[in-house]
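Chains, contacts and geometry: an overview
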Amino acid sequence: MKYFISLQILLFLAISFHSSGQFYDDPKSHDCLQCHSQQTYSFHNDMMDTEEKRLMNPYLIIDTLRLRAGVHQNFDCTDCHSFDYMTYPHVASLKLEPMMTCLDCHAGDESFAKYEFEKIDEEVKKSVHYQNFGDNFTCSKCHDQHYYSTTARTSSSVVEIVEISNAMCLTCHNDMKRLSLVSENQIAAVVDIHDWLPNQELHFKHVRCIECHTAVEDDLMVSHNILSKDQAVRRCAECHSANSLLKASLYKYQNLQERAEDGSALGMLSNENYVIGSHQIPILKTISLIIFFAAFAGIIIHVIFRIIIKKK
């Protein structure tokens, strides 16, 4: 117990020392990012006694701007990666060491209790991903620890939330190279698999993949129990109804729900919802607003003329 408390104190001091992630401001002077933020890297070849320059693996290039915007911006690389990576060339056996997981830091910590990491872990282990790939399917397969941000909790834009969430799924499901890390199967393109879906482009832009592909869990912000494709929602009425499934998932966030149910003119103008609310067809929404404001303007003009005539 004392060891655990001491470890937390050391971690806190490390975070304080690196406050605001200032050590990422100059990537070229950072021990790791001087290579991993660049398209190329240079090194001295001791065997040939020459200076060499090579292309960096594109999957290992870190976007420092996104890194600074992520929730882990105050951590240095070696907070999660072995200190042995500080020397180059890296020892090959380092790649075989297990990476730190989200639960290594976030489990059992009261300050993170409201995010229910343990419950999320339970849900993941029920999912089709875990059932098929076991411990090989870790959090990092969907959530890149370098760039992860709490968009779903903080953004008031449905489109932004959907875009970032769906990008997580498409990282593998639209990239056969990444998909091959966990599956030997060649899966058809996402657009082909969903060719039955009407207004496909609109759905992809305004609805997250997980709305149809997860079991809704009321006490979790985002459901992590990914269902098999034969269990996915395919009935339009599940979402396009007053009792919409989306009210328990995408639109359950308070800041979005308040806007979605706002009946004011401002609420109508800002409503980005595709299937929830009473203003779903953009052209009809625009026409109704024009009629409303034209009628209102007509009443005002009429009153003004009546007052002018009376004075005469």
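Anything mentioned here points back to the structure above.
Keep in mind the model is a prediction, meaning the values are calculated, not measured.

Cut-off values and rules
Residues numbered from 1 in each chain as written. Predicted model: local features only at pLDDT ≥ 70, side-chain atom pairs only at ≥ 80, totals over all residues. Heavy atoms only, no water. Helix = DSSP H or I, 4+ residues; strand = E, 2+ residues; numbered from the N terminus. Buried < 20%, exposed > 50% of the residue type's maximum accessible area, 1.4 Å probe, protein only. Contact = heavy atoms within 4.5 Å. Areas by Shrake-Rupley, 256 points an atom, 1.4 Å probe, with all protein chains shown as cover. 1 Å grid on protein atoms, 1.4 Å probe; cavity = no way out; pocket = protein on both sides within 12 Å on 5 of 7 lines; lining within 4 Å. Points joined across faces, edges and corners; volume = space filled by probe spheres on them. Nonpolar A, V, L, I, M, F, W, Y, C, P; charged D, E, K, R; others polar. Salt bridge = Lys/Arg side-chain N within 4 Å of Asp/Glu carboxyl O. Pairing = 2+ DSSP bridges. Core = buried A, V, L, I, M, F, W, Y, C linked by side-chain atoms within 4.5 Å. Phe/Tyr/Trp six-rings, centres within 6.5 Å; stacked < 30°, edge-to-face > 60°. Lys NZ or Arg CZ within 6 Å of the ring centre and 35° of its normal. Expected span 1.5 Å × (residues − 1). Bend = angle between axes of the 7 residues up to and from the residue. Patch = residues over 30% accessible without salt bridge, like charges linked within 9 Å, V, L, I, M, F, W, Y side chains within 5 Å.

1. Describing the overall build of the chain
- A count of helical and extended segments in the chain gives 15 helices and two strands.
- For the chain, buried positions account for 27% of its 312 residues.
- Here the analysis covers contacts within the chain between residues at least 6 apart in sequence; of these, 57% occur between residues at least 24 apart.
- In the structure as shown, the chain presents an accessible area of about 21200 Å², 60% of it carried by carbon and sulfur atoms.

2. Brief notes about empty space enclosed by the protein
- Counted by the stated rule, this structure contains one cavity of 30 Å³ or more.
- Each pocket or cavity is described by its volume, and for the largest cavity that value is around 90 Å³.
- For the largest cavity, the lining is made up of 13 residues, of which Arg208, Glu211, Thr214, Ser223 and Ser249 are closest to its centre.
- Its residues assigned to classes, the lining of the largest cavity comprises six nonpolar, three polar and four charged.

3. Here's the deal with the pattern of salt bridges
- On inspection of all chains with the given rule, the structure shows six salt bridges.
- Put simply, arginine 54 and glutamate 52 hold a salt bridge, and the shortest N to O gap is 2.9 Å.
- Take arginine 54: its relative accessible area is 41%, and that puts it in the partly exposed class.

4. Thoughts on the pairing of strand β1 (residues 40–45)
- Here β1 shows a buried face lined by Tyr41, Phe43 and Asn45 and an unburied face lined by Thr40, Ser42 and His44.
- Between β1 and strand β2 (residues 50–55), which pair antiparallel in sequence order, lie four residues; one of them, aspartate 49, sits at a positive phi of approximately 55°.

5. Focus: unusual backbone geometry
- Note the cis peptide between tyrosine 88 and proline 89, where omega equals 5°.
- Tracing the sequence through the fold places proline 89 in the loop between α3 (64–69) and α4 (102–106).
- Of note, the phi angle at glutamate 116 is positive, near 55°, even though the residue is not glycine.
- Along the chain, glutamate 116 turns up in the loop between α4 and α5 (117–124).
- By relative accessible area, which is 25% here, glutamate 116 ends up partly exposed.
- Look at asparagine 199: it is not a glycine, yet its phi comes out positive at around 50°.
- Here asparagine 199 shows up in the loop between α10 (190–193) and α11 (200–206).

6. Concerning the nonpolar core
- By size, the foremost hydrophobic cluster in this structure holds eight residues: Ala152, Val158, Ile161, Val162, Cys239, Leu246, Leu250 and Tyr251.
- Broken down by element, this core gets its largest block of residues, three residues, from helix α8 (residues 158–173).
- In terms of nonpolar packing, the next biggest core, distinct from the first, is built from five residues, Leu33, Ile62, Leu67 and Tyr147 among them.

7. Re the packing of aromatic side chains
- One pass over the full model with this rule turns up eight aromatic pairs.
- Their ring planes at 70° and their centres at 6.0 Å tell us that tyrosine 41 and tyrosine 88 sit as a pair that is edge-to-face. Of this pair, tyrosine 41 sits in strand β1 while tyrosine 88 sits in the loop between α3 and α4; the two residues are 47 residues apart in sequence, bridging distant segments of the chain.
- We classify tyrosine 41 as buried; its relative accessible area is 16%.
- Measuring from centroid to centroid gives 6.2 Å for tyrosine 115 and phenylalanine 117, while their planes differ by 70°, and the two rings are edge-to-face.
- Looking at tyrosine 115, the relative accessible area reads 27%, which means it is partly exposed.
- Counting every residue linked through ring pairs, the aromatic cluster contains Tyr41, Phe43 and Tyr88.
- The ring centre of tyrosine 147 lies 3.9 Å from the NZ or CZ of arginine 66, which sits over that ring.

8. Considering α8
- Over its 16 residues, α8 extends 22 Å from the first C-alpha to the last, a length consistent with the 22 Å expected when each residue adds 1.5 Å.
- The sharpest bend along α8 comes to roughly 30°, located at alanine 167.
- Among all positions in α8, only Val158, Ile161, Val162, Ser165, Asn166 and Cys172 are buried.

9. Here we look at a nonpolar patch on the surface
- The grouping of Phe296, Ile300, Ile301, Ile304, Phe305, Ile308 and Ile309 at the surface amounts to a nonpolar patch, some 680 Å² of accessible area in total.
- Structurally, the position occupied by phenylalanine 305 is in helix α15 (residues 282–311).

10. As for the pairing of β2
- Of all six residues that make up β2, zero are buried, and the element is exposed over most of its length.
- Two elements, β1 and β2, share six bridges in a ladder whose sense is antiparallel. What sits directly across from tyrosine 41, in β2, is arginine 54.

11. What to know about the environment of histidine 146
- With respect to the element layout, histidine 146 can be found in the loop between α6 (128–133) and α7 (151–154).
- A sequence separation of 78 residues divides histidine 146 from arginine 68, and the C-alpha atoms of the two residues are 8.8 Å apart.
- Look past the residues within four positions of histidine 146 in its chain and what remains in contact with it is Ile62, Arg66, Leu67 and His81.

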